[in-house]
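If you want the building blocks of each chain, they are given just below.
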Amino acid sequence: MIPRVPFRPAPGHRTLMGRGLLMFLIMTLILGTILPLGASSSPDVSSRNGQDNHNHSHRSQDHEGKHHDNKSRKAFPVLEFDYQHVRIPFEIALWVLLASLMKLGFHLIPRLSSIVPESCLLIVVGLLVGGLIKLVGESPPVLDSKVFFLYLLPPIILDAGYFLPIRPFSENLGTILMFAVVGTLWNSFFIGGLLYAVCQIEGANLLRVDLLSCLLFGAIISAVDPVAVLAVFEEIHINELLHILVFGESLLNDAVTVVLYHLFEEFAGVGTVSVVDVFLGILSFLVVSMGGVLVGAIYGFLSALTSRFTSHQRVIEPLFVFMYSYMAYLSAEIFHLSGIMALIACGAVMRPYVEANISHKSHTTIKYFLKMWSSVSETLIFIFLGVSTVAGPHQWNWTFVVMTVILCLVARVLGVVGLTYVINKFRIVKLTTKDQFIIAYGGLRGAIAFSLVFLLDKDHFPDKHMFLTAIITIIFFTVFVQGMTIRPLVDLLAVKKKQETKRSINEEIHTQFLDHLLTGIEDICGHYGHHHWKDKLNRFNKKYIKKCLIAGERSKEPQLIAFYHKMEMKQAIELVESGSGAKLPSAMPSTISLQNIQPKKPADRALPQLSKGREEEIRKILRNNLQRTRQRLQSYNRHTLVADPYEDGWKEILLKKKKIELEKKISQMNNYLTVPAPPSDSPTMARARLASDPQAWRVKPDTDNVPTIKVDLASPQSPESVNVVDEFGKRGGQPQREPEGEDGGLTMKVPSSSGKAPTKADSDDPREQQRLMRCLSDPGPAPDEEEDDDEPFLP
Amino acid sequence: MGAFHSVSDDHPYRDLAAKTGFSLEQIGSLHNRFKQLSHNEDVLKREDFNSIPDLACNPIRTQIIKAFFDRRNFQGNGTGSVQEIGFEEFLTVMSYFRPPSSRMTEEQREEMRRAKLRFLFNMHDTDNDGTITLEEYRHVVEELLSSSGTLGKETAKGISDAAMLEVASITMGHMEPDEFYEGITFDHFLKILKEIEIDTKMHIRF
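Since the model is a prediction, treat every value here as computed from it, not as a measurement.

1. Remarks on the overall build of chain B
Phase 1 of the analysis: Within chain B one finds ten helices and four strands.
Phase 2 of the analysis: In chain B, the order of α-helices and β-strands from amino to carboxyl end is α-α-β-α-α-β-α-α-β-α-α-β-α-α.
Phase 3 of the analysis: Put simply, chain B has 206 residues, and 50% of those count as buried.
Phase 4 of the analysis: In chain B, 53% of the contacts between residues at least 6 apart in sequence involve partners at least 24 apart.
Phase 5 of the analysis: Summed over its atoms, the accessible surface of chain B is roughly 10000 Å², and 48% of this surface lies on carbon and sulfur atoms.

2. Section: the overall build of chain A
Phase 1 of the analysis: Scanning chain A from N- to C-terminus turns up 29 helices and two strands.
Phase 2 of the analysis: Within chain A, the fraction of its 795 residues that count as buried is 54%.
Phase 3 of the analysis: Excluding contacts between residues fewer than 6 apart, the proportion of contacts in chain A whose partners are at least 24 apart in sequence is 85%.

3. What to know about the environment of Val287 of chain A
Residues and elements named next belong to chain A.
Phase 1 of the analysis: Mapped onto the elements of the fold, Val287 is located in helix 12 (residues 275-307).
Phase 2 of the analysis: The class for Val287 is partly exposed, based on a relative accessible area of 47%.
Phase 3 of the analysis: When neighbours within four sequence positions are excluded, Val287 is seen to be in contact with Gly292 and Leu337.

4. Quick word on the confidence of the model for chain B
Regions with low pLDDT carry predicted coordinates that are not meant to be interpreted in detail.
Residues and elements named next belong to chain B.
Phase 1 of the analysis: With 90% of its residues at a pLDDT of 70 or more, chain B has an overall mean of 78.
Phase 2 of the analysis: Looking at the elements of chain B, mean pLDDT is at its lowest for helix 1 (residues 7-20), recorded as 70, and at its highest for helix 6 (residues 106-124), recorded as 85.
Phase 3 of the analysis: Confidence estimates for the predicted assembly give a pTM of 0.69 and an ipTM of 0.90.

5. Considering the state of the cysteines
Every disulfide links exactly two cysteines, by a covalent bond between their sulfur atoms.
Phase 1 of the analysis: Across all of its chains, the model carries zero disulfides over all chains by this definition.
Phase 2 of the analysis: Of the cysteine sulfurs around Cys199 of chain A, a residue in no disulfide, the closest is that of Cys214 of chain A, at 4.1 Å.

6. Points about the pattern of salt bridges
Residue and element names in this part refer to chain A.
Phase 1 of the analysis: In total, this model carries 15 salt bridges over all chains according to the counting rule given.
Phase 2 of the analysis: Among the salt bridges present, the one from Arg167 reaches Glu171, with a minimum N-O distance of 3.6 Å. Highlighted residues: Arg167 and Glu171, both in helix 7 (residues 166-171), separated by four residues, approximately one helical turn.
Phase 3 of the analysis: Residue classification places Glu171 among the partly exposed residues on the basis of a relative accessible area of 42%.

7. Regarding helix 5 (residues 118-136) of chain A
Residues and elements named next belong to chain A.
Phase 1 of the analysis: For helix 5, with 19 residues, the first-to-last C-alpha span of 27 Å sits near the 27 Å given by 1.5 Å per residue.
Phase 2 of the analysis: Among the residues of helix 5, those classed as buried are Glu118, Ser119, Cys120, Leu121, Leu122, Ile123, Val125, Gly126, Val129, Gly130 and Ile133.
Phase 3 of the analysis: Gly137, located one to two residues past helix 5, shows a positive phi value of around 115°.

8. Concerning the nonpolar core
Phase 1 of the analysis: Core analysis: the largest hydrophobic core is formed by 136 residues, its most contacted members being Phe148, Leu153, Ile220, Phe233 and Ile471 of chain A.
Phase 2 of the analysis: By size, the runner-up hydrophobic cluster in this structure holds 72 residues, among which are Phe513 of chain A together with Tyr13, Ile52 and Leu117 of chain B.

9. Some thoughts on the packing of helix 3 (residues 87-106) of chain A against helix 15 (residues 360-391) of chain A
Residues and elements named next belong to chain A.
Phase 1 of the analysis: Interaxial distance between helix 3 and helix 15 falls to 9 Å at its minimum, and their mutual angle equals 100°. Classified by the angle their axes make, helix 3 and helix 15 are roughly perpendicular. In this structure, helix 3 uses Trp95, Val96, Ala99, Ser100, Met102 and Lys103 to contact helix 15, whose residues at the interface are Ser375, Val376, Thr379, Leu380, Ile383, Phe384 and Val387.
Phase 2 of the analysis: Considering only residue class, the contact of helix 3 with helix 15 consists of nine nonpolar, three polar and one charged.

10. Re the environment of Tyr13 of chain B
Phase 1 of the analysis: For Tyr13 of chain B, the location among the structural elements is in helix 1.
Phase 2 of the analysis: On a C-alpha basis, the gap between Tyr13 of chain B and Ile27 of chain B in space is 6.9 Å, while along the polypeptide they are 14 residues apart.

11. A look at helix 8 (residues 173-200) of chain A
Since the α-helix advances by 3.6 residues per turn, residues separated by three or four positions end up pointing in the same direction.
Phase 1 of the analysis: With 28 residues, helix 8 of chain A extends 40 Å from end C-alpha to end C-alpha; this agrees with the ideal 40 Å at 1.5 Å per step.
Phase 2 of the analysis: Helix geometry: helix 8 of chain A is bent most strongly at Gly183 of chain A, by close to 25°.

12. Comments concerning a nonpolar patch on the surface
Residue and element names in this part refer to chain A.
Phase 1 of the analysis: A grouping of Trp186, Trp396, Trp398, Val402, Ile406, Val410 and Leu414 is seen on the molecular surface, where their side chains present a nonpolar patch of about 700 Å² in accessible area.
Phase 2 of the analysis: For the nonpolar patch, the element with the highest residue contribution is helix 16 (residues 398-423), accounting for five residues.
Phase 3 of the analysis: Of note, Ile406 is situated in helix 16.
Phase 4 of the analysis: When its relative accessible area of 41% is taken as the criterion, Ile406 is described as partly exposed.

13. Remarks on unusual backbone geometry
Phase 1 of the analysis: Positive phi, normally seen in glycine, also occurs at His237 of chain A, with a value near 50°.
Phase 2 of the analysis: Inspection of the secondary structure assignment puts His237 of chain A in the loop between helix 10 (226-236) and helix 11 (240-270).
Phase 3 of the analysis: Overall, the relative accessible area of 38% leaves His237 of chain A in the partly exposed class.
Phase 4 of the analysis: Unusually for a residue other than glycine, His39 of chain B sits at a positive phi of about 55°.
Phase 5 of the analysis: Position of His39 of chain B among the secondary structure elements: in the loop between helix 2 (24-37) and strand 1 (44-45).
Phase 6 of the analysis: By relative accessible area, His39 of chain B is classed as exposed at 54%.

14. Here's the deal with the packing of helix 12 of chain A against helix 13 (residues 317-334) of chain A
Residues and elements named next belong to chain A.
Phase 1 of the analysis: Close contact between helix 12 and helix 13 brings their axes to 9 Å; oriented N to C, the two are set at 160°. With respect to helix 13, the element helix 12 is oriented roughly antiparallel. Like other packed secondary-structure pairs, helix 12 and helix 13 cross with a definite hand, here right-handed. Where helix 12 abuts helix 13, its residues Val295, Gly296, Tyr299, Leu302, Ser303 and Thr306 lie against Phe320, Val321, Tyr324, Met327, Ala328, Ser331 and Ala332.
Phase 2 of the analysis: Across the contact of helix 12 with helix 13, the residue classes tally to nine nonpolar, four polar and no charged.

15. Regarding the confidence of the model for chain A
Residues and elements named next belong to chain A.
Phase 1 of the analysis: Summary statistics for chain A give a mean pLDDT of 71 and a share of 62% for residues scoring 70 or more.
Phase 2 of the analysis: Averaged pLDDT values for the elements of chain A fall to 39 in helix 28 (residues 719-730) and rise to 93 in helix 13.
Phase 3 of the analysis: Note on residues 580-589: pLDDT under 50 across the span, and 29 contacts to partners over four residues away in sequence or across chains.

16. Things to note about the packing of aromatic side chains
For any pair of aromatic rings, the description rests on two quantities: the centre-to-centre distance and the angle between the ring planes.
Phase 1 of the analysis: Evaluation of the coordinates by the stated rule reveals 30 aromatic pairs over all chains.
Phase 2 of the analysis: With 5.7 Å between their ring centres and 25° between their planes, Phe450 of chain A and Phe454 of chain A make a pair best called stacked. Of the two residues, Phe450 of chain A and Phe454 of chain A both sit in helix 18 (residues 447-454), four residues apart, roughly one turn of that helix.
Phase 3 of the analysis: Members of the aromatic cluster, connected to one another through ring pairs, are Phe34, Phe49, Phe68, Phe69, Phe87 and Phe90 of chain B.
Phase 4 of the analysis: The ring of Phe163 of chain A has Lys371 of chain A sitting right over it, with the charged end atom 4.4 Å from the ring centre.
Phase 5 of the analysis: Its end group placed over the ring of Phe454 of chain A, Lys464 of chain A keeps NZ or CZ at 5.3 Å from the ring centre.

17. Digging into the side chain of Ser160 of chain B
Phase 1 of the analysis: Along the polypeptide, Ser160 of chain B turns up in helix 8 (residues 150-172).
Phase 2 of the analysis: For Ser160 of chain B, the residues in contact, after removing those within four places along its chain, are Leu134, Tyr137, Arg138 and Val141 of chain B.

18. Some remarks on the side chain of Thr175 of chain A
Phase 1 of the analysis: By secondary structure assignment, the location of Thr175 of chain A is in helix 8.
Phase 2 of the analysis: At 2.8 Å, the side chain of Thr175 of chain A forms a polar contact with the side chain of Arg427 of chain A.

Parameters at a glance
- Residues numbered from 1 in each chain as written.
- Chains lettered and ligands numbered in written order.
- Predicted model: local features only at pLDDT ≥ 70, side-chain atom pairs only at ≥ 80, totals over all residues.
- Heavy atoms only, no water.
- Helix = DSSP H or I, 4+ residues; strand = E, 2+ residues; numbered from the N terminus.
- Buried < 20%, exposed > 50% of the residue type's maximum accessible area, 1.4 Å probe, protein only.
- Contact = heavy atoms within 4.5 Å.
- Areas by Shrake-Rupley, 256 points an atom, 1.4 Å probe, with all protein chains shown as cover.
- pLDDT = per-residue confidence, 0-100.
- Disulfide = S-S within 2.5 Å.
- Salt bridge = Lys/Arg side-chain N within 4 Å of Asp/Glu carboxyl O.
- Expected span 1.5 Å × (residues − 1).
- Core = buried A, V, L, I, M, F, W, Y, C linked by side-chain atoms within 4.5 Å.
- Axes fitted to C-alpha atoms, helices over the stretch in contact; angles between N-to-C directions.
- Parallel < 35°, antiparallel > 145°, perpendicular 65-115°, else oblique.
- Nonpolar A, V, L, I, M, F, W, Y, C, P; charged D, E, K, R; others polar.
- Bend = angle between axes of the 7 residues up to and from the residue.
- Patch = residues over 30% accessible without salt bridge, like charges linked within 9 Å, V, L, I, M, F, W, Y side chains within 5 Å.
- Left-handed = near helix turned anticlockwise from the far one by under 90°.
- Phe/Tyr/Trp six-rings, centres within 6.5 Å; stacked < 30°, edge-to-face > 60°.
- Lys NZ or Arg CZ within 6 Å of the ring centre and 35° of its normal.
- Polar contact = N/O pair within 3.5 Å; in protein donor to acceptor, adjacent residues only side chain to side chain.

Here is the structure:
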């Protein structure tokens with residue numbers, strides 16, 4: 001999905017001067033766009049290639065000329081103006097820059113962006129720019145279909161496919177397919193047929209439009225467009241079911257559109273379609289869709305397999321993801337299969353395996369690159385749509401256009417209502433009237449339809465311009481009217497919105513529990529239903545596929561544990577990123593600590609050596625700090641980690657600081673906290689390590705009140721840990737120093753084991769145990785200015 | 001299906017249909033399954049469940065089977081467990097997995113949600129003291145992870161502790177340091193699982 005990055009205002013932006021500066025910048029850029037276009041002879045983007053060759057030959061001639069002309073020497077040019085040889089990249093970069101500045105600009109005017117969806121604003125900008133260019137006298141560049149299909153569309157689709165929510169998609173697959181296939185077929189034939197009927201009417205002057213042309217037009221215009229749907233639905237935050245239904249439909253109808261388009265285009269020249277052709281068409285549909293998915297899946301598996309071996313070359317991991325996906329798209333396009341479905345299949349198939357293999361930074365890179373590219377693509381598409389409207393040769397025919405608009409709407413409504421009636425017989429969660437309305441209303445058309453019409457051959461389709469005009473009108477109508485009104489309508493009809501709550505671990509546990517429960521009940525019933533097959537697929541996946549596609553230990557990690565680690569890491573990063581201050585990013589402020597849930601054992605009470613005051617202080621610290629559980633901010637095992645020198649440096653400083661603090665610390669603490677260690681090479685842990693921010697170890701000024709929790713790990717130690725112990729060992733002569741291994745850390749162990757004093761026993765073999773320093777975050781009694789919101793570990 | 005039922009068969013079915021909400025055909029097919037599992041006897045024993053091959057791979061099968069023999073799920077007021085069940089009890093337990101019908105009122109839907117969540121609660125609360133203690137919750141998580149071997153045991157403890165802490169945080173808000181959170185009561189259970197739409201998720205197609 002294309003994110004709307006929250007607009008964090010830099011100090012200048014909100015002021016009038018800031019806005020003025022930005023406007024000035026945009027104006028300059030627009031003018032700058034026009035000038036080069038004026039400077040060159042043929043501004044049409046699609047004739048780039050000709051220019052290139054021309055330039056090359058020109059330059060080589062120039063060189064020869066210079067050699068010959070030694071006699072008439074010119075003065076050596078200090079400053080030259082040679083625009084031609086950077087012309088194309090320059091213009092592309094300029095357009096992209098313009099598009100991005102536009103996006104920035106919109107959010108400066110808050111009221112505007114909440115009423116009008118961004119796509120509309122971009123089209124308007126495109127219209128303005130196109131108008132300006134036309135004023136200057138040049139012909140504005142038109143959205144070239146090749147550029148659109150090969151460069152602008154794939155990033156958007158890949159972004160959608162990679163982040164496709166698999167669970168709701170697969171649960172509603174039947175419904176989505178019905179809408180995509182049957183719905184689109186119904187739409188195209190209804191519109192095409194009725195348009196032909198309209199064309200037959202005498203007065204409209206449209207007799208020359210034959211049936212096949214009309215049907216082709218109907219096929220092109222009936223497909224719901226993923227770009228437009230994404231652009232509008234992104235902003236209205238509708239509930240997941242409706243989102244996935246409309247969006248899934250827009251993705252899967254590509255196969256139908258491709259088949260119908262090629263079918264009608266093929267036979268437009270011939271003039272008639274026989275029964276055999278219809279049969280072949282159906283066969284072609286199956287081939288196109290299944291073939292596309294197959295191609296995508298193959299590339300997806302290849303990509304997953306490749307990611308298994310990238311552990312030593314983390315930097316190029318995102319590249320593999322992008323290139324394999326793009327290859328999938330292009331390969332599908334070679335055979336005229338559905339490229340969109342290939343891309344979706346590739347992204348969806350490779351994601352779980354790739355994410356298990358790649359590092360955290362690569363994951364972030366992939367996410368942000370995809371969002372960035374798809375955002376830029378979308379912006380460019382809409383702007384060019386506006387510009388092409390001004391540019392393109394138009395042929396306005398009132399009857400045709402108006403009838404098209406009306407028929408589109410009618411066909412959509414009838415299709416949705418009819419299909420829902422049939423679908424609801426098979427669904428458990430029925431689609432209500434409100435849902436149907438939103439589905440019907442959300443059927444937006446967009447740039448794909450436009451580009452398809454643009455590709456038509458003028459000879460076969462003399463009415464190409466009329467089609468173009470009609471398509472543009474429809475697109476404008478759906479994007480502007482429907483796009484703008486859908487948000488107030490959603491509010492008016494009180495349609496359920498997307499729930500913003502985060503996934504809690506309880507929900508995850510119970511979702512898994514429910515899955516197994518329902519599978520079990522189905523087995524008892526002897527009923528091979530949805531859950532049974534899902535379970536079988538999962539088991540097959542676990543047993544065979546994961547083993548070969550996921551590297552190392554990770555392949556055996558059950559989902560719940562993976563989820564748990566992921567959540568921990570996320571929270572750790574959140575806390576670190578939330579910066580200094582005691583404000584924890586906690587949605588549930590509570591003072592509940594670990595003590596509250598651990599069952600009380602008598603051993604807990606026996607702290608003879610601990611003064612009351614000390615105990616109270618420690619309790620207070622624990623209580624105040626424990627908002628979120630399980631913070632792992634420090635590496636476990638340095639073996640497999642690429643050493644981060646920054647982190648090392650901090651660690652040294654921290655250790656020194658801790659040394660000073662710890663001399664007064666609670667040596668007599670008898671509580672221990674044992675922490676189970678995940679396998680040291682699991683990528684989640686690697687990610688946690690890499691993600692751990694050195695900031696977490698910022699030096700604390702108020703040292704007295706910070707106990708440190710040291711944790712015993714069962715895993716073998718690393719050289720560094722020995723260093724830790726060594727360092728502690730070196731600084732001898734500290735008063736009240738506890739025996740070796742213990743070192744004054746507040747170590748907490750689960751009370752289920754004996755709470756007495758294993759200090760001695762533990763310290764016997766300090767080198768045998770890996771010590772882990774846990775820093776207790778410190779709101780404490782004194783106000784802190786660090787962010788150190790680490791939390792003690794829960795067992 | 002209907003053709004093979006004599007009139008006398010329909011009457012007990014009709015009672016059951018009224019009580020559990022199944023349709024007559026569904027009851028018929030479930031009865032066939034019951035007879036198949038119990039080898040044509042009138043009662044079903046625990047060992048009969050072992051003859052289902054697919055169930056063997058299920059990590060929580062012991063708890064599922066126990067749920068069938070748990071009197072709390074029979075919609076009476078009994079507690080404890082029985083050794084064998086008849087068709088009526090079988091059907092009653094199955095009725096917890098019915099999908100909500102479109103003709104239900106909001107109230108009925110809410111009641112169905114409560115019943116389903118109560119079923120889940122009973123599955124976790126093995127000693128029937130009305131709360132899910134830390135130990136019981138740990139057991140649940142351990143069972144879920146039981147297929148992963150020894151790796152699961154320690155992390156299960158961590159996960160269940162974390163989950164418990166979360167429940168406590170959501171439901172209690174503020175606790176003194178020496179207060180003790182007894183366990184998850186049914187109300188707390190309802191609260192934390194509010195987000196999962198149980199009535200649409202917990203059902204199978206009969």
